[in-house]
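Read off the chains here:
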Amino acid sequence: MKIITVENLNKSFRVKTKEQGLRGSLKAMLSPTYREVQAVKDISLEVDKGEVLAFIGPNGAGKSTTIKMLTGILQPTSGDIRVLGLNPAIDRRKLSYSIGTVFGQKSQLWFHLPPIDSFNLLGRIYEMETKALSRRIAYLTEIFEIEELLDIPVRKLSLGQRIRCEIAASLLHSPEIVFLDEPTIGLDVVVKQKIRDLIKTLSKESQTTIFLTSHDAGDIEQLCKRAIIINHGQIVLNESVKNLKYNYMNQKVIDIKYSDEVSVEGLALKVLKSKGYAIKVEVDSSDCDIDTVVSNLMKLGKVVDITISDPPLEEIISGIYQHNSIGGDGLA
Amino acid sequence: MRSLNKYFYTFKISISNNLVYAWNLLARTIFFVFIVFVMLLLWKNIYGQKGEIIAGFSLNQMIWYLTIAEMISLSRSNIFSEVSEEVKKGNIAYTINKPYSYVFYCFSNSMGEIAVRLLTNIITALVIGMIYVGPLTGFKVIHLPMVIITVLLGICINFFIYMLLALSAFWLEENTALTWIYSKLVFTLGGMLIPLELFPDWLEKISRHLPFAYVTYAPAKLAVAYSSSGFINTLVYQLGYLGFFIAVSLLVFRRGVKALNVNGG
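Since the structure is predicted, the reported quantities are computational estimates derived from the model, not experimental observations.

Rules and cut-offs
Residues numbered from 1 in each chain as written. Chains lettered and ligands numbered in written order. Predicted model: local features only at pLDDT ≥ 70, side-chain atom pairs only at ≥ 80, totals over all residues. Heavy atoms only, no water. 1 Å grid on protein atoms, 1.4 Å probe; cavity = no way out; pocket = protein on both sides within 12 Å on 5 of 7 lines; lining within 4 Å. Points joined across faces, edges and corners; volume = space filled by probe spheres on them. Helix = DSSP H or I, 4+ residues; strand = E, 2+ residues; numbered from the N terminus. Nonpolar A, V, L, I, M, F, W, Y, C, P; charged D, E, K, R; others polar. Pairing = 2+ DSSP bridges. Patch = residues over 30% accessible without salt bridge, like charges linked within 9 Å, V, L, I, M, F, W, Y side chains within 5 Å. Areas by Shrake-Rupley, 256 points an atom, 1.4 Å probe, with all protein chains shown as cover. Salt bridge = Lys/Arg side-chain N within 4 Å of Asp/Glu carboxyl O. Contact = heavy atoms within 4.5 Å. Buried area = accessible area lost by both parts, 1.4 Å probe.

**Student:** Help me understand the layout of surface pockets, please; the structure alone is not making it clear to me.
**Tutor:** Each pocket or cavity is described by its volume, and for the largest pocket that value is around 1100 Å³. Around the largest pocket sit 37 residues that line it, and Trp110(A), Glu82(B), Glu86(B), Thr95(B) and Asn109(B) are the ones nearest its centre. Contributing elements (two or more residues each) for the lining of the largest pocket: helix H4 (115-125) of chain A together with helix H1 (2-19), helix H2 (22-50), helix H4 (79-89), helix H5 (92-95) and helix H6 (102-133) of chain B. Of the residues forming the lining of the largest pocket, the biggest block, seven residues, is contributed by H6(B). Among the residues making up the lining of the largest pocket, the classes are represented as 16 nonpolar, twelve polar and nine charged.

**Student:** Whenever I open this one, the pairing of strand S12 (residues 278-284) of chain A confuses me. Can you help?
**Tutor:** The side chains of a regular strand alternate, residue by residue, between the two faces of the sheet. All names here are of chain A. The pairing of strand S10 (residues 251-258) with S12 spans seven bridges and is antiparallel. Bridge assignment links Ile254 to a residue of S12, and that residue is Val281. Looking at chain direction, strand S11 (residues 270-274) and S12 are connected through four bridges and run antiparallel. Within S12, the position partnered with Lys270 by the bridge is Glu282. Counting the residues in the hairpin turn of S11 and S12 gives three residues, including Gly276, whose phi is positive at 85°.

**Student:** Just to check I follow, could you spell out a nonpolar patch on the surface for this structure?
**Tutor:** On the surface, Leu119(B), Ile123(B), Val127(B), Met130(B) and Ile131(B) cluster together into a nonpolar patch covering about 520 Å² of accessible area. Tracing the backbone through its elements, the reader meets Leu119(B) in helix H6.

**Student:** What should I look at first to understand the interface of chain A and chain B in this one?
**Tutor:** Taken together, the contact pairs 35 residues of chain A with 33 residues of chain B. Both faces combined, the contact of chain A with chain B buries some 3200 Å², and carbon together with sulfur accounts for 59% of it. Considering only the surface of chain A that becomes buried against chain B, Ile73(A), Trp110(A) and Ile125(A) emerge as the three largest contributors, covering 19% of it. Of the charged contacts, one joins Glu127(A) and Lys6(B) as a salt bridge, the two residues approaching to 2.7 Å between their closest N and O atoms. Of all elements in the fold, only strand S1 (2-17), helix H2 (63-70), helix H3 (92-96), strand S5 (99-103) and H4 of chain A reach the threshold of two or more residues within the side of chain A that touches chain B. A per-element tally of the side of chain A that touches chain B places H4(A) first, with six residues. Broken down by class, the residue content of the side of chain A that touches chain B amounts to twelve nonpolar, ten polar and 13 charged.

Below, the structure written as C-alpha cells:
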C-alpha cells in the first residue's frame, strides 16, 4: 500500500537580492529586486507502508523543503502530494495526528523542564487517554533506555541523551509515518550506532513507515532498503540500497600509519597519498576483498593506527553523475 | 473536552517552566518599585501646588491608579520577540506541525508566564501602595471580582495585540518598530503617564474609544473609583476589542502560514 505519493512536486522561493555595498542597499530600498530560487524541481516519489526510506543529499539539496511540504508546513508551488490519503497543505492539523517529526537540530522538548513534563504535554496535545499515555511512555522509555533521564531538566542532558528523548517524544502518539530529519547529526560514533539500532527496532516492531534524511552514508547503508538521492532539488537516483552500495558506495578509504617508513610498491592499490609513514589508499570493495587488502597492508610494517571510512556523500553523488553521463553516451 | 485540555496543560507546564526564572522576576520587581517611587515624587509635588483633588483623583487614588496600570503593563509575556524570532528564523516550521491552534497554544504558554508575573506584581503593587500612600480610600472588597475580570481582560487584549504585531514578521523583515510604537501608545493613550481625565477634551473622547485605554486605563480606573456603569461600559469595550484582536490574529496567522518561506535545507 502506498502511504506517500508525490507527483511533479515543485517549490520555488522568491529571494530578495541586493547589489554589493551601500549603493546597492539604497537601491534595494527604493526598488527591491527578487530572484526565483527553485528549491525542489519536479520531484515524484512513492513510499510503501512500513518502508524505511532514505532521502539523502548534500546540504541545501532540498531535503528539508520536501519534508516540510510533506508535513504541510510549506505550500508547494505546484504538484500533487498525498500523505495517508490527505493533502498536507489543506489537512495539516488532521494529518499531524498520524505523523511524527524529529528535526535533529531543533528541539520539541521544554528546555528547563525534565522530558517527562514534555511527554505529558505532548500526550495531551495529541489527545491521548491518560492510561494509554502512561503505558506508551513506559514502553518507549524502556526501549530507548531513558528511564534515568526522565526527571532531569533537558538542558542538563547530553546531545545523544536529548536526541533519544526527542525521538521517543515524536513517537508518543504512535504515528504511522515518522519523518526523521538528520537524526544523527553531531553525534559520536557510538551514540549514532545506538540511534540506528533504535530506528531499526522501531520499524520492525511497529511497522512504522520511516522517512529519513541524512547526509551520513552510514545511516543509509544500515537502516534503509531504498534510497532516494536528491541534489539541487532534483532526484538523482531512486533505487535499492543494495544496488546503490554495489554500484556507487563500493569505495572505501583506508588510512594507515606505520611506525617505520614503508613502501607500497608491488601492491595493486590506488594510492591517494603516501608520505612514508602514512598511507591513504582507496579500495573498490566490489572487485577486491577489504579483508585481503587490509591484511596485505598490515604485513608491510608495524601499524600504529588504521581507519577505514566511506567517502563523503558528495563524492558518491559525483560518482553517480559520472556514471549516468557515461551511461547516457552509450560508452558503458 | 480533550481538545481544550491541551491548552490548559500547556498553561500548567508553562507555569513550572517560568518558576525557573525567579531571579529575573526579582529584577523586574525592583524596576516596578522604582518607577512608582518616581511617580510618587512627581505627583506629591503637583498635588502640593494644585490642591487635594486633581481631575477627580486624590493623591492616594492617583498613586494606586498608576500602580495598578503599571502592574497590568508589566504583567506581559515575551510573546512578541518569541514569535517574531520564530517566524524570521523559520523555526515556526517546527512548532506549527502539531495538532493545535498555534495562536492559542502561544496564548496558553504566555498565560503561564503572565500568571507567575502577575502574581508577583500584585503582591508588589499592594506593598508599594500601602507603603507609599496607605490603603486605597473608598475601596470595597465586593468590587474586587469585577476589577479582577477587567484586569485579566486587559492583559488578554494586550497579549493578542502583541501577537498580531509579532505575526507581521511573516511579511516584514524588521518589525520591532511596531511594538515600540504600540507600547508608547499604551503608555500615553492607555493612561499610564496621566489618567485620560487630564487630557484635553477631544483627546480624552478619542482615547475612550481606542483599545489602548482598555488595556490599562479602564481596569485601573475601576479599581480606584468603581461604578457599575463604568464596569459595564469597560466590559463591553474589552470583550469587543478582545474578540476583534483574536479574530484578526487568527486570520493573519492563516494568511502568514500560506506565505511562509522557510529558508535552509
